[in-house]
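# Structure assessment
As a plain string of letters, each chain reads:
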Amino acid sequence: MAARESTESRLAFWATALPPLLWVAVFFLIPLGVIWAYSFGENLGLTGVSISGTFANYARAFEPLYLQIFAKSVFVAGVTTLLCLIIGFPVALAIVFASERWRPWLLLLVMLPFWTNLLIRTYALIAVLRTEGYVNYGLAWIWESASWLKTLVGLEPLAPYEPLQLLYNNFAVVFGLVYVHLPFMVLPLYAALDRLDRSLMEASLDLGAGHLRTLFSIVVPLALPGIISGVIITFVPALGAYLTPDLLGGPDSQMIANVIERQFKKANDWPFGAALSFLLMYATFIAIALRAYLSRGKAADAHGI
Amino acid sequence: MNDASPAPPKSAVKPIISFRNIVKKFGSMVAVDNVSLDIEPGEFFALLGPSGCGKTTLLRMLAGLEVPTEGEILIDGQDMRTIPANKRPVNMVFQSYAVFPHMSVADNVAYGLKIDRVPEPERKTRVQEALDLVQLGHLAARMPDQLSGGQRQRVALARALVKRPKVLLLDEPLSALDAKLREAMRFELSQLQQKVGITFIMVTHDQDEALAIASRIAVMNKGSIAQLGTPSDLYEFPASRFVADFIGSVNMFEGTLVRDEPDEAVVDCPELAPHAVHLPHAVPGKVNTPVWVAIRPEKITLHKDSGTPPTPAECPAGHNIAKGVIREISYLGDTSIFHIDTGKGNLIRVSRPNRSRWDQDSFDWKEQVWVSWAGSSPVVLLS
Amino acid sequence: MRTAKDRPAPLEYNRRWSMRLWLTGVFIFLYAPLMALVAFSFNDSKRNIVWKGFTLKYYGQLFRNDDLMIAFANSLTIAFVATLLSLVLGTLAAVLLWRFRFPGKAAVEGAMALPIVVPEICMGVAMLVFFSSVVPWPNNLVWPFNLGAIIIAHVSFCFPFVAMVVRARLANFNKEQEEAAKDLGASEWQAFRDILIPHIRPALIAGALLSFTLSLDDFVITFFTSGPNTVTFPVKVYSMVRFSVTPEVNAASTMLILLTVVLMVLGALMQKSSQRRS
């Protein structure tokens, strides 16, 4: 009986384990491994790559040109994350304190863009921001109304409206990244704030603290693990963003992902692209490890260990 | 300030807290329905009632954590309408204690003083004093999760008291403690109140707790105050069936008032027939209208069935008695509760102290007995 | 008027006008571009900025555009197959990590979470290299087998999400239920089928919805694995967007948005009914 059961459970184990393990190994780890190997390789002719163990690709990645793009990517992702935090925090707070009837709808409203195709959302921004887009159209209308008002009181009309260049620059990239990543920030913040015991905030008010003071000495410290989560969850995809800088950015707003893409699709320098990919991946892992480290420290702190 | 407030303070003492015609609605639900109440300085006041009766809402409005829909609240004569929670001279001990988990005990207590910009040396001494007051002086450096529930409650107490509020608010202060600790804390809370000398207002659903600690109690039901009085007022002279039933245990008989003279009142209760209930004084209510008679179990005496009915004090023969069979005996240690079946409806509950270890005249299951009560024991209620 | 009827309590942040204004502003920020996109897909003007009147002609053009329709069919096929495979693999992975203890479990756990955190671009180039130099996917296969490489790539990043959702649901499964089933004579497989699967049904629905949407939405990874004959909807739209903003792209986008909303509503309804059952 016992023997039969143990064979059965061993069988169950392998039946459960093999398919996902094989899939991850063959269709995920091996491809990554190949890229990793390529990053130590050299180009041979037009398509061949020989893996010679060279570090030349990494050395090249640390040339000022690429370092600058890396730094710029980190900066853009950082600004995006900060803006998402500033915009998203009040949103999360308002949803947490919304009535039972409203809360699911507000959450749905935050999630819906998250489920909508990234390409479409970026495209929608192009339509809004381009020189003949809605923003410029609206501004032109205001400008012309002002001009008309001036003529009405007998003054010289304003000069004709010059459309603002809102697209194909760094502003558009940050705008687009914030637009796309805001739900990534709001949802973890919501989860963290929702877990917070309200009587702690009430106690703080009761003891004489104002709302801002309560926010910074009670809410933020206690919601810190959630805030860190939100920051990392926003920062990581923003750092590796390809589509937004590609479609909304100008020639000087390339991010690291665009450079990688070019190595593989246009410049045909796979080893160098592979090295850049792995550097991006390491940066991502560092961010995630940082999150694990910070939230563990906080959890231990909260438990007074 | 020429409001037509119909709640003039009865005593000459200026009340520290005045609720005037307070109404609180949550959507269409009326949580507090036109409550007016004065609380005097130095009282240990309890708001007592079942859950959902509006007592916590009333306390939270006083703290400024909820805003009344109508009416006004005065603290020490000052209208609180425009004063936010963080500027009110009251402090609260929360039901969950709400001790800040990321601050040490001392930092928790110092929090309110830091906000008031109390200078460092004074702050230190006041924190230490407050901690000593609640006997936590030695745990100042601990983090809250290294404390027991009782200790956390003391932190919450110290944290509120260190601000020297005019009134301390306690929301179900003992409900999260285990039974033994609860008993001890009752005593400690009233000691503490006498020591600091300020007004305490406590919300509780536990009638024992309110009776044991409070100097005055407001019993609340469905958003209104059902009765206001001292613990013995409420217990001995309940104003309604709700209060009689909510505070302590009671036998309730429905009946008709048949006679109401200055020195004598008689109520006929079908459940007690053929014996009538007799009281040696006038009662509220009109003759020939329905009333309820409430008698506490400990005010009923049990008699062996010796053939002749007993004659209780202060009343004519044949009144204030009933005959029945013991259906059940619950032995509680200090007392025993007997359930007597008169065969006409509800069981009559009689409580009897177990004075000696071997009861001389013990009663047994299924035994035929008489019960009786003094004329002054029952209370006649109209609602 | 001295009543305080409309004054919010201190913690009712949602009732402060400043917060409401902020919330409204954020939702306008999130939705105005999409609304404009949908509205102007019905606009009878090529310039696409001033409202000239209602028309469905761009939808007509859409349906006559064979390339776009093929791309759409490809996308749905890929999403459907990838979702089925992801459900099986994801559920197995979740059960594996929840039920069994084995050496190297932490490493397996990490490997399963990796596809979720690895930047899309890295995964994209990895798939490109894998399917072009390691195991070249034959490009002369008949439909739908020519989509195999894309489907495999999609499964690789979808099934860890399914595993995550299912595992969260398994965490509150009472193991005694399964033991009771075995006590009553059920085999390992019967207990799995009759007890565990019904319990995780809501997670399976959520996971299916998640992987279907992820697959349908993916551009970056597909961009690197698709060939000239295996264009998906987002890849096709991308090439259109590169040229200009046209009402036809608006119409195509509107259809995809509609599909997303329908999927979400469907998922919510299924979720609700399966929760009612359990």
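Residues numbered from 1 in each chain as written. Chains lettered and ligands numbered in written order. Predicted model: local features only at pLDDT ≥ 70, side-chain atom pairs only at ≥ 80, totals over all residues. Heavy atoms only, no water.

## Concerning the side chain of Asn 251 of chain B
Residue and element names in this part refer to chain B.
- Mapping Asn 251 onto the fold places it in strand E11 (residues 251-261).
- Within the structure, the side chain of Asn 251 is placed 2.7 Å from the backbone nitrogen of Arg 349, a separation counted as a polar contact.
- If we skip the residues at most four places from it in the chain, Asn 251 touches Val 293, Ala 294, Ile 295, Arg 296, Pro 297, Ile 300, Leu 347, Ile 348 and Arg 349. (Helix = DSSP H or I, 4+ residues; strand = E, 2+ residues; numbered from the N terminus. Polar contact = N/O pair within 3.5 Å; in protein donor to acceptor, adjacent residues only side chain to side chain. Contact = heavy atoms within 4.5 Å.)

## Remarks on the interface of chain A and chain C
- In this complex, chain A contributes 81 residues to the contact, which on the side of chain C involves 79 residues.
- Carbon and sulfur atoms supply 81% of the area buried between chain A and chain C, which totals about 7400 Å² over both sides.
- It is Trp 23, Trp 115 and Tyr 123 of chain A that lose the most area in chain A upon contact with chain C, and together they represent 12% of the buried surface on that side.
- In this structure, the connection of chain A to chain C is made through zero salt bridges.
- Seen at the junction of chain A and chain C, the total is twelve residue pairs in polar contact (both at pLDDT 80 or more).
- Top element by residues in the side of chain A that touches chain C is helix H1 (residues 2-38) of chain A. It accounts for 22 residues.
- Across the side of chain A that touches chain C, the residue classes tally to 62 nonpolar, ten polar and nine charged. (Buried area = accessible area lost by both parts, 1.4 Å probe. Salt bridge = Lys/Arg side-chain N within 4 Å of Asp/Glu carboxyl O. Nonpolar A, V, L, I, M, F, W, Y, C, P; charged D, E, K, R; others polar.)

## A closer look at the pairing of strand E18 (residues 347-353) of chain B
Residue and element names in this part refer to chain B.
- Where strand E17 (residues 335-341) lies against E18, seven bridges are found, and the strand directions are antiparallel. Paired with Thr 335 across the bridge in E18 is Pro 353.
- Once E17 ends, the chain turns through five residues before running back antiparallel as E18, passing Gly 343 with a positive phi of about 80°. (Pairing = 2+ DSSP bridges.)

## Details of the domain arrangement of chain C
All names here are of chain C.
- Domain annotation of chain C identifies domain 1 (13-42) and domain 2 (59-277).
- Counting from both sides, the interface comprises six residues of domain 1 and, opposite them, seven residues of domain 2.
- Carbon and sulfur atoms supply 71% of the area that domain 1 and domain 2 bury against each other, a total of about 500 Å² over both sides.
- When the buried area of domain 1 at its contact with domain 2 is split by residue, Leu 37, Val 38 and Ser 41 rank highest and sum to 71% of it.
- Summed over the shared surface of domain 1 and domain 2, the number is zero salt bridges. (Domains from an automatic or database assignment.)

## Some thoughts on the environment of Arg 182 of chain B
- The topology assignment puts Arg 182 of chain B in helix H5 (residues 179-196).
- Along the chain, Arg 182 of chain B and Gly 150 of chain B lie 32 residues apart, while their C-alpha atoms are 9.0 Å from each other.

## Concerning the environment of Gly 52 of chain B
All names here are of chain B.
- Inspection of the secondary structure assignment puts Gly 52 in the loop between strand E3 (44-48) and helix H1 (55-63).
- Given a relative accessible area of 75%, Gly 52 falls into the exposed group.
- Here the alpha-carbon distance between Gly 52 and Pro 84, two residues 32 residues apart in the chain, equals 25 Å. (Buried < 20%, exposed > 50% of the residue type's maximum accessible area, 1.4 Å probe, protein only.)

## Quick word on the domain arrangement of chain A
Residue and element names in this part refer to chain A.
- Looking at the assigned domains, one finds that chain A contains domain 1 (56-118 + 166-304) and domain 2 (131-165).
- Computed from C-alpha atoms alone, the centre-to-centre distance between domain 1 and domain 2 is 37 Å.
- Domain 1 puts four residues into the contact, and the matching count from domain 2 is four residues.
- Across the domain 1 to domain 2 interface the summed buried area is about 310 Å²; carbon plus sulfur atoms make up 53%.
- Among the residues of domain 1 in contact with domain 2, Leu 166, Leu 167 and Asn 169 are the three that bury the most area, contributing 96% of the side total.
- Our count for the contact surface shared by domain 1 and domain 2 stands at zero salt bridges.
- One can count two residue pairs in polar contact (both at pLDDT 80 or more) joining domain 1 with domain 2.
- By residue class, the composition of the side of domain 1 that touches domain 2 is three nonpolar, one polar and no charged.

## Brief notes about the pattern of salt bridges
Residues and elements named next belong to chain B.
- Under the defined criterion, the tally for this structure stands at 28 salt bridges over all chains.
- With a shortest N-O distance of 3.4 Å, Glu 66 and Arg 60 are connected by a salt bridge.
- According to the relative accessible area criterion, Glu 66 is buried, its value standing at 13%.
- Residue classification places Arg 60 among the buried residues on the basis of a relative accessible area of 16%.
- With its nearest N and O atoms 2.6 Å apart, the salt bridge here joins Arg 259 to Glu 264.
- For Arg 259, a relative accessible area of 38% corresponds to the partly exposed category.
- In the salt-bridge network here, residues are joined through shared partners; they are Arg 20, Glu 72, Asp 79 and Arg 81.

## What about the side chain of Asp 341 of chain B?
All names here are of chain B.
- Its location among the elements puts Asp 341 in strand E17.
- Using a relative accessible area of 17% as the deciding quantity, one classes Asp 341 as buried.
- Separated by 2.8 Å, the side chain of Asp 341 and the backbone nitrogen of Gly 343 make a polar contact.
- Not counting residues within four places of it along the chain, the set of residues in contact with Asp 341 comprises Lys 323, Gly 324, Val 325, Arg 327 and Leu 347.

## Describing unusual backbone geometry
Residue and element names in this part refer to chain A.
- Here Asn 268, not a glycine, exhibits a phi torsion of approximately 55°, which is positive.
- Structurally, Asn 268 is set in the loop between helix H11 (256-265) and helix H12 (270-302).
- Classification of Asn 268 as partly exposed rests on a relative accessible area of 30%.

## Focus on H11 of chain A
- With eight of its ten residues buried, H11 of chain A lies for the most part within the structure.
- Of the residues making up H11 of chain A, those classed as buried are Ile 256, Ala 257, Asn 258, Val 259, Ile 260, Glu 261, Gln 263 and Phe 264 of chain A.

## Some details on the packing of aromatic side chains
- Considering all chains together, one arrives at 35 aromatic pairs over all chains under this definition.
- With a centroid separation of 6.2 Å and 90° between ring planes, the pair formed by Phe 27 of chain A and Phe 130 of chain C is classed as edge-to-face. Note that Phe 27 of chain A is positioned in helix H1 and Phe 130 of chain C in helix H5 (residues 120-134), a pairing that runs across two chains. Taken individually, Phe 27 of chain A and Phe 130 of chain C each receive the classification buried, so the pair is uniform in this respect.
- Their ring planes at 70° and their centres at 5.8 Å tell us that Trp 98 of chain C and Phe 173 of chain C sit as a pair that is edge-to-face. Remark: Phe 173 of chain C occurs in the loop between helix H6 (148-170) and helix H7 (175-183) and Trp 98 of chain C occurs in helix H3 (residues 66-99); sequence separation between them is 75 residues. (Phe/Tyr/Trp six-rings, centres within 6.5 Å; stacked < 30°, edge-to-face > 60°.)

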